[in-house]
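As a plain string of letters, each chain reads:
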Amino acid sequence: MTKETIQDIHVEKAASTRINEVDFNNLTFGSVFTDHMFECDFKDGEWKNPTVKPYQPLTLDPSARVFHYGQAVFEGMKAYRDDNDETWLFRPDENFNRINKSCARLAMPEFPESYFFDGLKTLLDLDKDWIKKGFGNSLYIRPFVIATQSGVMASPANAYKFIIICSPAQSYYGGEVRVKIADHYSRAASGGFGYAKAAGNYAGQFYPTNLAKEEGFQQVIWTDANTHEYLEEAGTMNIFFRINDKLVTCPISDCILDGVTRKSVIDMAKDMGIEVEVRPIKVKEVIEAAENDSLKEIFGSGTAAVITPILGFGYKGDKWELPKLDSPYASQIKNKIMEIQYNKAEDKFGWRYKL
Ligand SMILES: *Cc1c(COP(=O)(O)O)cnc(C)c1O
């Protein structure tokens, strides 16, 4: 893949590295950050000042719009290192396109491909020692855009920052996950911005998710806001149901985040000869399948863990457990996708991107 490049990234190197203070065998997801960050500004109608500099706090006016009206969007992607020390990204074009879609929905400026890719490349070149070898190790990359203009007038800002920070990650095990199917609260409404990776979509989920935690669930599976009859997605993952030997997942809509992992799971499953149906799926159908033992698996898909198996679910006070399988689709598909991410298998889909 060739990209237009920018030559003028200002690079300010950290005086020393913090890498020796980090225990790479005991990482808590998203809590330690690399030595550098990428930052650029939107001002006077254009993106400018692309800079890689030491990871450091931001200084913003307290009236900066992001604090008041929530113009904030982000992405989540990973870099992987193979056994020959080459660095790979996984379908980064998808993340670039998606952050621009998210920006457009929140009336924020889109930005040039070169800033995204050259910024990332310059940053990861400097911080490449933070990307550890080994199946499961990776560098989690968090690009985000915030409104920086000061003043509390309720209108879109005219100044923004685009920043990329990176955090080393180990193979992500989210613990045992049981989910509550939402019957009252909603994550996204038709015509809203559920499809955008916007900070506000997360803020609105925390309270109902806390209530679900009190009932012994770790996450919520959201249902459509109008009827609560159709399953949509989990808070940070898209969701798949295996009924007998068929995988079912709901179609993308303006309420659902179009996950890169979701797309990859669909393509990979089909390639493995698994039948996949993308169609609306009712809570009622899943409960009936659980009752007659045709529901074999539920799993979530997302960049952090690739695939998270779900052990059980609850709905309106009742609970169901899923069977324990010897070779679930969840682990078969996860492994196949990871082999592509880590350059251990042929990539017939063209998903790997060499940095
Ligand atoms: C990020 C995210 C996902 C997963 O998307 P991936 O591109 O697969 O990481 C799913 N749902 C929501 C709400 C998300 O924010």
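See the structure printed just above.
Residues numbered from 1 in each chain as written. Predicted model: local features only at pLDDT ≥ 70, side-chain atom pairs only at ≥ 80, totals over all residues. Heavy atoms only, no water.

Chemist: What am I meant to see in the nonpolar core here?
Modeler: Within soluble globular proteins, side chains that are nonpolar generally end up buried alongside one another. Formed by 51 residues in total, the largest nonpolar core has its most connected members in Trp-47, Phe-111, Ile-141, Val-145 and Phe-162. If you list the elements that add at least two residues to this core, you get β2 (36–43), β3 (46–54), β4 (72–74), β5 (77–81), α2 (92–105), α3 (113–126), β7 (138–147) and β8 (160–169). Residues lining this core come from more than one domain, with at least three contributed by each of domain 1 (10–171) and domain 2 (178–341). With 26 residues, the next largest nonpolar core counts Ile-221, Phe-241, Ile-256 and Trp-320 among its residues. (Core = buried A, V, L, I, M, F, W, Y, C linked by side-chain atoms within 4.5 Å. Buried < 20%, exposed > 50% of the residue type's maximum accessible area, 1.4 Å probe, protein only. Helix = DSSP H or I, 4+ residues; strand = E, 2+ residues; numbered from the N terminus. Domains from an automatic or database assignment.)

Chemist: Explain unusual backbone geometry to me, please; I cannot follow it from the model alone.
Modeler: Phi is mostly negative for residues that are not glycine, and the peptide bonds are mostly trans. Residues other than glycine seldom take positive phi values, yet His-228 does so here, at roughly 55°. Topologically, His-228 is positioned in the loop between β10 (219–223) and β11 (231–234). His-228 gets classed as buried once you look at its relative accessible area, which sits at 13%. Even without being glycine, Lys-316 reaches a positive phi, approximately 45°. Mapped onto the fold, Lys-316 is located in the loop between β17 (312–315) and β18 (318–321).

Chemist: Is there a simple way to explain the sheet that holds strand β12 (residues 238–243) in this structure?
Modeler: Strand-to-strand pairing in sheets goes through backbone hydrogen bonds, with the strands running parallel or antiparallel. Strand order across the open sheet formed by five strands is β14-β13-β12-β15-β16, with mixed pairing between neighbours. If you trace the sheet from one side to the other, it starts and ends with β14 (275–278) and β16 (306–310), each paired once. Mean inter-strand twist for the sheet, computed between neighbouring axes without regard to direction, equals 25°. For β12 and strand β13 (residues 246–249), the ladder comprises three bridges, and the chain directions are antiparallel. Note that in β13 the partner of Phe-241 across the bridge is Val-248. Of the strands in this sheet, β12, β13, β15 (295–302) and β16 touch helix α7 (residues 329–341), which is tilted by about 165° from β16. (Pairing = 2+ DSSP bridges. Axes fitted to C-alpha atoms, helices over the stretch in contact; angles between N-to-C directions. Contact = heavy atoms within 4.5 Å.)

Chemist: I tried to follow α2 on my own but got confused; where do I start?
Modeler: Along an α-helix, residues three or four positions apart point the same way, because every turn accommodates 3.6 residues. Compared with an ideal rise of 1.5 Å per residue, which puts 14 residues at 20 Å, α2 spans 20 Å between its outermost C-alpha atoms and is within 8% of the ideal. Taken residue by residue, α2 has Pro-92, Asn-95, Phe-96, Arg-98, Ile-99, Asn-100, Ser-102 and Cys-103 as its buried positions. Where α2 terminates, the next one or two residues include Ala-107, which has phi positive at roughly 55°. (Expected span 1.5 Å × (residues − 1).)

Chemist: Sorry, what's going on with the side chain of Asn-201 here?
Modeler: Among the structural elements, Asn-201 can be located in helix α4 (residues 199–214). Residue classification places Asn-201 among the buried residues on the basis of a relative accessible area of 5%.

Chemist: Quick question: what am I supposed to make of the site of the ligand here?
Modeler: Around the ligand lies a shell of 15 residues, among which Lys-197, Tyr-202, Glu-233, Thr-261 and Thr-303 are the nearest. The contact in question runs from an oxygen atom of the ligand to an N or O atom on the backbone of Val-260, over 2.8 Å. Coverage of the ligand by the protein amounts to 97% of the 380 Å² it exposes when considered alone. If you map the ligand onto the pockets, it falls in the largest pocket. (Near = heavy atom within 4 Å. Polar contact = N/O pair within 3.5 Å; in protein donor to acceptor, adjacent residues only side chain to side chain. Areas by Shrake-Rupley, 256 points an atom, 1.4 Å probe, with all protein chains shown as cover. 1 Å grid on protein atoms, 1.4 Å probe; cavity = no way out; pocket = protein on both sides within 12 Å on 5 of 7 lines; lining within 4 Å. Sits in = over half its atoms within 2 Å of the grid points.)

Chemist: How should the pattern of salt bridges be read in this particular structure?
Modeler: Pairing between side chains of opposite charge can happen when the charged atoms of each approach one another. Taken as a whole and assessed by the stated rule, the structure comprises 25 salt bridges. A cluster of three or more residues bridged by salt bridges with shared partners is formed by Glu-39, Asp-41, Lys-53 and Lys-161. (Salt bridge = Lys/Arg side-chain N within 4 Å of Asp/Glu carboxyl O.)

Chemist: Would you take a moment to explain the packing of aromatic side chains for this structure?
Modeler: Two measures describe an aromatic ring pair: the distance that separates the ring centres and the angle between the ring planes. A complete count under the given rule lists 23 aromatic pairs for this structure. Here Phe-111 and Phe-116 contribute two aromatic rings whose centre-to-centre distance is 6.4 Å and whose plane-to-plane angle is 25°, an arrangement assigned as stacked. Under the relative-accessibility criterion, Phe-111 is labelled buried at 4%. Counting every residue linked through ring pairs, the aromatic cluster contains Phe-38, Phe-42, Trp-47, Phe-96, Phe-111, Phe-116, Phe-117, Tyr-160, Phe-162 and Tyr-353. When the ring centre of Tyr-329 is taken as reference, the NZ or CZ atom of Arg-242 above it lies at 3.7 Å. (Phe/Tyr/Trp six-rings, centres within 6.5 Å; stacked < 30°, edge-to-face > 60°. Lys NZ or Arg CZ within 6 Å of the ring centre and 35° of its normal.)

Chemist: Even after reading the chapter, I still don't get empty space enclosed by the protein, so can you show me in this structure?
Modeler: A probe as big as a water molecule, rolled over the atoms, marks out the empty space that is left. Taken as a whole, this structure holds two cavities of 30 Å³ or more when the rule is applied. Its volume calculated, the largest cavity comes out at about 100 Å³. Lining the largest cavity are 13 residues, with Tyr-80, Phe-90, Thr-261, Thr-303 and Gln-341 positioned closest to its centre. When residues of the lining of the largest cavity are traced back to their parent elements, those giving at least two are β5, α5 (260–271) and α7. Considering every element that reaches the lining of the largest cavity, the biggest residue donor is β5, with three residues. (Points joined across faces, edges and corners; volume = space filled by probe spheres on them.)

Chemist: Can you help me understand the side chain of Glu-297 in this one?
Modeler: Note that Glu-297 resides in strand β15. In this structure Glu-297 comes out as buried when scored by relative accessible area, which is 5%. Here Tyr-329 takes part through its backbone nitrogen, which lies 2.6 Å from a polar atom of the side chain of Glu-297. Among residues more than four places away in sequence, those in contact with Glu-297 are Phe-240, Phe-241, Arg-242, Leu-322, Leu-325, Pro-328, Tyr-329 and Ala-330.

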